[in-house]
Amino acid sequence: MKLNTATLAQLGATITYPTYPRHALRHGIVHIGVGGFHRAHEAVYTEHFLRLTQDQEWGICGIGLRENDRAMGQVLQNQDYLYSLMELGQAEHPSVQVIGAISDFLFAPDNPAAVLEKLAAPDTRIVSLTITEGGYMLDDHSGEFDFSHPDIVHDLAQPEAPRSVFGYLSAALATRRARNLPAFTLMSCDNLPHNGDKARHALLSFVTRQNPELARWIADNASFPNSMVDRITPITTSAHKELLRNHAGIDDAWPVVCEPFLQWVMEDDFCNGRPAWEKVGVQFTADVAPYERMKMRLLNASHSAMSYLGYLAGYRYSHEVMQDGRLSGFIRTFMDQDVTPTLGTIEGISLEQYKDTLIERFANPRIGDQLARLCMDGSSKIPKFILGTLEERLEAGAPVHRFALVLAGWALYLHEAEAPNADYKVEDPLAELLLSACAQRDGLSMRFLGLEDIFGPDLQACPGLVSAFESALHHLETQGVALTLAGLDQVA
Ligand code: NAD
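Residues numbered from 1 in each chain as written. Predicted model: local features only at pLDDT ≥ 70, side-chain atom pairs only at ≥ 80, totals over all residues. Heavy atoms only, no water.

Going by an unreviewed UniProt entry, the protein carries the name Mannitol dehydrogenase family protein and comes from Marinobacterium rhizophilum.

Now the structure itself:
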């Protein structure tokens, strides 16, 4: 049965769906980057809020800025903007809900004026983002905004016809100011340390170059809460669609699949109101930093650590890696010995329990989380999730051989990507640079660790790390992942 408003009432008894008047929803939230994660996280919390309160102010309008968002817009439109959320966990059968919190979608390349009007509309009170870690265009080491990015060059030259997220936000905020409307909260839901502060810095850097007076108005009137977001959301595959069809009888062109686990910890800093998300499990706190640090250094760093080594070992899914005792042991030791000493104590959290839960979540066989997804965009993930911890451990004089192995795994994954029998493609905005650094084996270590855009200036000058990296690379190449891991603890 095709999913749309007319077929909702025919859904099976166990499938929940919107029970609030969707047609009356106003769009208090406009979301840029409607990928899997937004549909499994913010939209789900908002759905539960709408169902609980019957509120009409906080519907979501999705926005896609990039050509690859066209398909999402079409699919959602064909289904009255409804989609199925399938949670895959321990239970034998998936749990299915239909989500309706997103009730419109605008595709910017086809209709930029409509997007600008939506962002500037009086109803719009929060603009949220999941535009990936690299989407903020900030240098990981200097923190500087990348004014050389072609979209930014374009938007500075033609502010009335923007392409980038910052160009759109700036133009819309200028309109709001001119119309005497309040600013909106810019709510980043991307995985980056201090995501609100980063969103603020990126936007204000851009706007200051364009219109310093507007930048001051934004600084005084908008707000940028930091948040920690968590729910593993793999890429939807045709097998997921088939499972949904067989299990729930729903024909959905783009369902979203995720684990049952769901978490959102956020600063309560909203300049123009917000849904009472605390009623549906969002935790508001004065300082989100310890939670985001814990999550990024344990969960996201482990994901990056397992992805390249797992790929080299021949695995393609997270649960396959976790079924390999050597690799899962490595991940747990990395969390215990390399990361935990940098975390301190976190109120209300048992780190031991948190790590146990992570190991269980990584091992979830039903979710089928693709290592390919975890390997993507290493050039922006590794600096955010791993290098900060590595630098602290180097300063503390601690052993860094496990970090070296993770980096060597990434380098070998890049090196082997160009081999004739490679069955994967490197997906990374800096792929060309990475591949050229890793193409030749001779001199690879210094070329790779010398990529200052990624590693900064210091790591290549750290003899302990460089020699551990070279040794790990040599072992991975000559012995493979399993034997390298077996010999690893003797390296310490
Ligand atoms: P996705 O590929 O399904 O969606 C990414 C969306 O971001 C797309 O709409 C894409 O067009 C848009 N986008 C990418 N770069 C952009 C840019 N420069 N400007 C504007 N839009 C841009 O990915 P996803 O799984 O939804 O993940 C998105 C982000 O959410 C991640 O990068 C991460 O920061 C965060 N996140 C994801 C997960 C997860 O498990 N998938 C978990 C926690 C947090």
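There is more to say, and it comes next.
(A) Molecular detail of the domain arrangement of the protein. Once the domains are mapped, the protein shows domain 1 (5–285) and domain 2 (289–491). The straight-line distance from the C-alpha centre of domain 1 to that of domain 2 is 29 Å. Across the interface of domain 1 and domain 2, roughly 2600 Å² is buried in total on both sides, 55% from carbon and sulfur atoms. The three residues of domain 1 that bury the most area against domain 2 are D140, H141 and I232, which together make up 23% of that side's buried surface. If you look at where domain 1 meets domain 2, you find 3 salt bridges. A salt bridge links D140 to K384, with the shortest nitrogen-to-oxygen separation between them at 3.0 Å. The interface formed by domain 1 and domain 2 includes 13 residue pairs in polar contact (both at pLDDT 80 or more). Put simply, the parts of the chain that give the side of domain 1 that touches domain 2 at least two residues each are β8 (227–230) and β11 (283–285). Here the side of domain 1 that touches domain 2 gets 4 residues from one element, more than from any other, and that element is β8. Here the side of domain 1 that touches domain 2 is composed, by residue class, of 13 nonpolar, 14 polar and 6 charged. (Domains from an automatic or database assignment. Buried area = accessible area lost by both parts, 1.4 Å probe. Salt bridge = Lys/Arg side-chain N within 4 Å of Asp/Glu carboxyl O. Polar contact = N/O pair within 3.5 Å; in protein donor to acceptor, adjacent residues only side chain to side chain. Helix = DSSP H or I, 4+ residues; strand = E, 2+ residues; numbered from the N terminus. Nonpolar A, V, L, I, M, F, W, Y, C, P; charged D, E, K, R; others polar.)

(B) Structural context of the pairing of strand β2 (residues 60–64). Taken across its 5 residues, β2 has 5 buried, putting it largely inside the fold. Burial along β2 is two-sided: the residues I60, G62 and G64 and C61 and I63 are all buried. In terms of strand pairing, strand β1 (residues 29–32) meets β2 through 4 bridges, oriented parallel. The partner of I32 across the bridge, within β2, is I63. Bridging between β2 and strand β5 (residues 102–107) involves 5 bridges; their strand directions are parallel. Across the sheet, G64 pairs through a bridge with F107, a residue of β5. (Buried < 20%, exposed > 50% of the residue type's maximum accessible area, 1.4 Å probe, protein only. Pairing = 2+ DSSP bridges.)

(C) Fine view of empty space enclosed by the protein. Across all of its chains, the model carries 1 cavity of 30 Å³ or more by this definition. Approximately 30 Å³ is the volume attributed to the largest cavity. Around the largest cavity, the lining residues are D190, N191, L192, N195, S227, M228, V229, K295 and M296. Sorting elements by how many residues they give to the lining of the largest cavity places β8 first, with 3 residues. Taken together, the residues that form the lining of the largest cavity break down as 4 nonpolar, 3 polar and 2 charged. (1 Å grid on protein atoms, 1.4 Å probe; cavity = no way out; pocket = protein on both sides within 12 Å on 5 of 7 lines; lining within 4 Å. Points joined across faces, edges and corners; volume = space filled by probe spheres on them.)

(D) Looking closely at the packing of aromatic side chains. Following the criterion strictly, the structure yields 17 aromatic pairs and no others. With a centroid separation of 6.4 Å and 70° between ring planes, the pair formed by F145 and F206 is classed as edge-to-face. Of the two residues, F145 sits in the loop between β6 (126–129) and α5 (150–157) while F206 sits in helix α7 (residues 195–210), which places them 61 residues apart along the sequence. Note on F145: relative accessible area 6%, which makes it buried. Judged by centre distance (5.1 Å) and plane angle (65°), the ring pair of Y311 and Y424 falls under edge-to-face. Taken as a pair, Y311 in helix α10 (residues 289–312) and Y424 in the loop between α16 (401–417) and α17 (431–438) lie far apart in primary sequence, 113 residues in all. Y424 carries the same exposure label as Y311, and that label is buried. The ring of F261 carries R361 above its face, with NZ or CZ at 3.7 Å from the centroid. (Phe/Tyr/Trp six-rings, centres within 6.5 Å; stacked < 30°, edge-to-face > 60°. Lys NZ or Arg CZ within 6 Å of the ring centre and 35° of its normal.)

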